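Listed below, chain by chain, are the residues.
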Amino acid sequence: MKKTALLAAVFAAALLTAPARADDFPAAISVSGEATISAAPDLAQIDAGVANDAKTAKEASDANNAAMSKVLLALKGAGIAEKDYQTSRLSLQPQYGQNKSTGASPVVGFRASNRVTVKIRDVSKVAGVIDTLVGAGANDIGNISFEVTQASKLLDDAREQAIADARRKAEVYAKAAGVTLGAPLSVTEGGGPVPLFKGRMAAPMAAAPQAAVAPGEETLSVTVNASWAIKPKEQ
């Protein structure tokens, strides 16, 4: 009997000292809101390169330097500012053959390659720049990407729309539950948007009609999670 009475006393004391959950966690409605905004990109980036094969490392390197010089000169002639193109990769690698009688892999030559990344601040000129690169000797073009440079401002508009969407949903739930919304308790933004679209295009190896490039539109999206306190509906 004494043990049972002691357990009952401890349980009663725990109930009296426990915090009121209703006070710590006020009744609320929590929802998520979403918004998307589409915008035309205003910046393009192209990765272009030249590769040259020769019997010796010096011959391959010299040929590659001369080829890239022509490409850079062509970019300058096309009106691309020097700050908008930059060497992104430079390499010189041996090329191996195979000796069928011995199974060895002797060095039969060298390949030198040089790549440059070009920013184009007028996307309507992308096709023309590609043709310029190919005409100057670039034999590897890819990693074409488009970007909205004013994405932050556009995302602020989307955030306002996302909050409005969240409140609309909260009001629907409140009406269905027979309560009204009180003050907002919290607002957090979900996973960050990625306002960038990337695509690839294989460049022709010789002169051809102007390259077909479609920048399209970027879709910027925002998700917010919001909570509102609820209170009884006024009679």
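Use the structure listed above.
Rules used in this analysis
Residues numbered from 1 in each chain as written. Predicted model: local features only at pLDDT ≥ 70, side-chain atom pairs only at ≥ 80, totals over all residues. Heavy atoms only, no water. Pairing = 2+ DSSP bridges. Helix = DSSP H or I, 4+ residues; strand = E, 2+ residues; numbered from the N terminus. Axes fitted to C-alpha atoms, helices over the stretch in contact; angles between N-to-C directions. Contact = heavy atoms within 4.5 Å. Core = buried A, V, L, I, M, F, W, Y, C linked by side-chain atoms within 4.5 Å. Buried < 20%, exposed > 50% of the residue type's maximum accessible area, 1.4 Å probe, protein only.

### Focus: the sheet that holds strand β6 (residues 179–189)
Paired through backbone hydrogen bonds, the strands of a sheet run either parallel or antiparallel to each other.
Move 1: Across the sheet, three strands lie side by side as β1-β8-β6; this open sheet has antiparallel pairing. Where the open sheet ends on each side, the last strands, each with one partner, are β1 (28–39) and β6. This sheet shows a mean twist of 30° between the axes of neighbouring strands, independent of strand direction.
Move 2: Bridging between β1 and strand β8 (residues 218–232) involves 12 bridges; their strand directions are antiparallel. Paired with S32 across the two strands is N225, which belongs to β8.
Move 3: Running over the sheet, helix α5 (residues 151–177) touches β1, β6 and β8 and is turned about 145° from β1.

### Quick word on the nonpolar core
Move 1: In this structure, I46, V71, L75, L133 and I141 are the most contacted members of the largest nonpolar core, which totals 23 residues.
Move 2: Listed by contribution, the elements that provide at least two residues to this core are β2 (43–54), α3 (57–77), β4 (107–120), α4 (126–135) and β5 (140–147).
Move 3: Counting residues per element, this core draws most heavily on α4, which supplies five residues.
Move 4: Dropping the residues within four chain positions of it, L133 is found in contact with I46, A48, V71, L75, A138 and I141.
Move 5: Listed in part, the 18 residues of the second largest apolar core include I29, A151, A170 and V179.

Interpretation in functional terms is not warranted from these geometric data alone.
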